[in-house]
Amino acid sequence: MLHCYALSTVFGVVSCPHAFYCREFAFGRLFVSKFVKCDLKILQDTCFDIMALPIPKSGYSRFMKEGARHFKGADEAVLRNVEACIELSSKLRTAFGPNGMNKMVINHIEKLFVTNDAATILNELEIQHPAARLLVLAAQMQEKQVGDYTNTVIMFAADLLERAASLLHMGLKPVEVADAYDQAFRILETQMPNMVSCKATDLNKLESVQEYLKSSIASKQFEYQEFITELVAKACVQTVPKNSANFNVDNIRVCKILGSGVQHSRVMNGMVFKRGAEGTVRSVTGARVAVYSCPFDITQTETKGTVLMNNAEELKTFSGNEEVEIEAAVKALHDSGVTCVVAAGKFGDLYLHFLNKFNIMAVRLTSKFDLRRLCKSIGAHPQSRICVPSVDLLGQCDRIYLEEIGDTNVTVFDKESERGNISTIIIRGSSQSRMDDVERAIDDAVNTYKALTKDDRLVAGAGSIDMRLSMAIEKVGTDCVGVEQYGILKYALALSMMPKQLAKNNGYDPSTFMSCLITAHKSGKDHSGIDLNTGEVMDAVEGRIFDLYAGKLSAYRLATEAVSTILRVDQIIMAKQATGGPKPRNPLPQDGGDDGGMA
């Protein structure tokens, strides 16, 4: 039951002329006491007019298009973002570590990926949630800067957000938690330089480089870690310049040939191309190579010309002169000592005939990037037209030969020496997805070597550095006063999640292992980590298991910055999604007389 004045207030009317007479109103029906004299018809008309008045818009809907969505506050904005990031991390947690599970991903063009590489999974998932996209961007930045530890960024950031949610339920504000996390990272930055285990000073020594790269390979290909590490280390040592800071990851090339197994892969000092030779010459030793960035054929003139021939003798003379000129050009190459010609286009029949006649090998490359790498490998300068290059513009190669690997013909430019400008790792495998996964492991290891040429510091691996940092930050956090103490302690707990997840993914009891690991660190064994073969605590430095200092620090930094950004978001405003494609244009005047075609 409502008073008539209350009714008028609800419907936006200042007063009702019948407020004095009306006593009761319920469910759209007017009840008047029997002792009150009032015109029922007038009251009904007045009330229905009140109910028909428009209700004005309020809030963000005043200035946004219809269909826009808006979330604000801790429950709607912050906790929604936290839940999305935790859900993203749950898809990648089981892929962490050497024995991580593979994910089968089918992208938007129905291409299949079977891998445990976090960077590949994130690139193919096409994440749409804005907060989860921030984590994906942080992982992509880690991949560009270091080339590894992308899963560490996602897992660490999601664990920080999960622990931040518990602090928000306790009553802390999101800004206070973000400030505490930033303070904890500053503590990490000051503590981590004191935890460096060794430095990679001998990057030209094969055995030492294998120790530095083993951890990066093991996280992707644990069963072939020794074999693949040896291949990558050999390729890096072969191509590293005198000033190791100038090392280029593009100097190591990968050639995937289907068949056999991973153990039949090998590394070559030179270039390998998955195509055969053009002519009949199949092998050249001590080759002098001329490289052309144009087709090795008769060039077409820019303008059309007409040749008038009156009799058969003139036609015979014309074709004969053409053959004489081509033979003279090829003979000039032979006289200059050229034994192999590489061209970026097709070989003409006449040119190919005379190349075979003078025993010159012909190789065709269709990729300009392969042509550049070949020139860098053999020291040649590409020519833009068919001519006889000078001796200093020719390339040198110890041996060029055609080889059949499996059922694939490949052309090998082999530099039979310890050093070179380009190395090629030939990957064999039973399936394309298997070879792709090995290629990703090689790419991570090469990027690790590149990072070592910039910053040679190494820290203990196998989860040791994470646990050591966790205990150091926890010790500092207990001495802090104020609400930031809670955030710093949560930051320390999030760091200890890494070795715990390693133990869990390898099938060991995480609680038992973590109790042993904490006991070992408290007893002064600072390099204690997990032994993946036994599940027990081991000394990571004695086991020669190292992590990249720059890579771990970059992962912690990017994860902390992403979390701080997400926690400082208090509103989510989403405009209405665009639907449909562009509108068809109106027909132009010249289209009127056409039968569906364009003018």
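Here the structure is a predicted model, which is why all the values come from computation and not from measurement.

(A) Structural context of the confidence of the model for the chain. On average, residues of the chain carry a pLDDT of 81, and 82% of them reach 70 or more. Contacts for the low-pLDDT stretch residues 48–53, under 50 throughout, to residues beyond four places or in other chains number five contacts. Note that residues 590–599 has pLDDT below 50 and, in this model, four contacts with residues that lie over four places away or in other chains.

(B) Looking closely at the sheet that holds strand E16 (residues 457–460). Across the sheet, three strands lie side by side as E6-E16-E19; this open sheet has antiparallel pairing. With one partner strand each, in any of the chains shown, strand E6 (198–199) and strand E19 (546–548) form the two edges of the open sheet.

(C) Here's a closer look at the environment of Ile378. Within the fold, Ile378 resides in helix H12 (residues 368–378). For Ile378, a relative accessible area of 5% translates into the label buried. Between the C-alpha atom of Ile378 and that of Cys397, which follows or precedes it by 19 residues, the distance is 5.9 Å. When near neighbours in sequence (up to four residues on either side) are disregarded, Ile378 contacts Val289, Val291, Gly395, Gln396 and Cys397.

(D) Here's a closer look at the side chain of Asp437. Checked against the element boundaries, Asp437 lands in helix H13 (residues 432–454). For Asp437, a relative accessible area of 6% translates into the label buried. Polar side-chain contacts of Asp437 include one of 3.2 Å to the side chain of Arg440. Not counting the four nearest positions on each side in its chain, Asp437 is found in contact with Asn102, Val114, Thr115, Asn116 and Gln221.

(E) Molecular detail of empty space enclosed by the protein. Throughout the structure, instances matching the rule amount to two cavities of 30 Å³ or more. Here the largest cavity is characterised by a volume of approximately 60 Å³. Asp148, Tyr149, Tyr212, Ser215, Ser216, Thr448, Leu452, Leu458, Phe546, Asp547 and Leu548 together form the lining of the largest cavity. Among the secondary structure elements, those contributing two or more residues to the lining of the largest cavity are helix H8 (206–218), H13 and E19. Its residues assigned to classes, the lining of the largest cavity comprises six nonpolar, three polar and two charged. Two domains each put at least three residues into the lining of the largest cavity: domain 1 (74–197 + 461–574) and domain 2 (201–266 + 432–455). Taken together, Ile228, Leu231, Val232, Val262, Ser265, Ile425, Ile427, Val438 and Ile442 make up the full set of residues lining the second largest cavity. Looking at the lining of the second largest cavity, the elements with two or more residues in it are helix H9 (225–239), strand E15 (423–429) and H13. Ranked by residue count, the leading element in the lining of the second largest cavity is H9, at three residues.

Rules behind the numbers
Residues numbered from 1 in each chain as written. Predicted model: local features only at pLDDT ≥ 70, side-chain atom pairs only at ≥ 80, totals over all residues. Heavy atoms only, no water. pLDDT = per-residue confidence, 0-100. Contact = heavy atoms within 4.5 Å. Pairing = 2+ DSSP bridges. Helix = DSSP H or I, 4+ residues; strand = E, 2+ residues; numbered from the N terminus. Buried < 20%, exposed > 50% of the residue type's maximum accessible area, 1.4 Å probe, protein only. Polar contact = N/O pair within 3.5 Å; in protein donor to acceptor, adjacent residues only side chain to side chain. 1 Å grid on protein atoms, 1.4 Å probe; cavity = no way out; pocket = protein on both sides within 12 Å on 5 of 7 lines; lining within 4 Å. Points joined across faces, edges and corners; volume = space filled by probe spheres on them. Nonpolar A, V, L, I, M, F, W, Y, C, P; charged D, E, K, R; others polar. Domains from an automatic or database assignment.

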